[in-house]
Amino acid sequence: QGQLVESGGDWVQPGGSLRLSCAASGSIFSSAIMAWYRQPPGNTRELVASFTRSGSTNYADSVKGRFTISRDNAKNTVYLQMNSLKPEDTAVYFCHANRTPWGLKDYWGQGTQVTVSS
């Protein structure tokens, strides 16, 4: 198993919803700034949503009002709730643990495919 284990990627019709999950080990989760990235077909990886070190959230303009990043500290898990999905949301979604502020190695999830189409 990987250090970051993702689940929830699926095919969904436009307007539908999905929730992605990223489960981390406690040692990673407690010393990391967690974020979600995505990579559309033929494009580069882009930041979708993230926490700051203080726990506030940031979102890409394209997903504001539709996506919500959250966390469950007891489960060492970060989530991405995606509502009102559009075809342009189709991408491989990646969980990321930024541990640079702690002088530690970063971790990426394996990626999970989200496809939005009729």
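Residues numbered from 1 in each chain as written. Predicted model: local features only at pLDDT ≥ 70, side-chain atom pairs only at ≥ 80, totals over all residues. Heavy atoms only, no water.

The subject of this paragraph is the pairing of strand 7 (residues 67–72). In this structure, strand 7 lies alongside strand 8 (residues 77–82), joined through 6 bridges in antiparallel fashion. Note that in strand 8 the partner of Ser-70 across the bridge is Tyr-79. Hairpin connection, strand 7 to strand 8: the antiparallel pair is bridged by 4 residues, and Asn-76 has positive phi, about 50°. (Pairing = 2+ DSSP bridges. Helix = DSSP H or I, 4+ residues; strand = E, 2+ residues; numbered from the N terminus.)

On to unusual backbone geometry. We note that Asn-76 has phi near 50°; this positive angle belongs to a residue other than glycine. Phi angles above zero are rare outside glycine, and Ser-84 is one such case at about 50°. Of note, Ser-84 is situated in the loop between strand 8 and strand 9 (91–98).

The next subject is the state of the cysteines. The final tally for this structure, using the stated rule, is 1 disulfide. At a sulfur-sulfur separation of 2.2 Å, the disulfide partner of Cys-22 is Cys-95. Across the S-S bond of Cys-22 and Cys-95 the torsion is about -80°, and the bridge reads as left-handed. Residue Cys-22 is located in strand 3 (residues 18–24), and its partner Cys-95 is located in strand 9; the two are separated by 73 residues in the primary sequence. Residue Cys-22 is classed as buried on the basis of its relative accessible area of 0%. (Disulfide = S-S within 2.5 Å. Buried < 20%, exposed > 50% of the residue type's maximum accessible area, 1.4 Å probe, protein only.)

These values are about where atoms sit, not about what they do.
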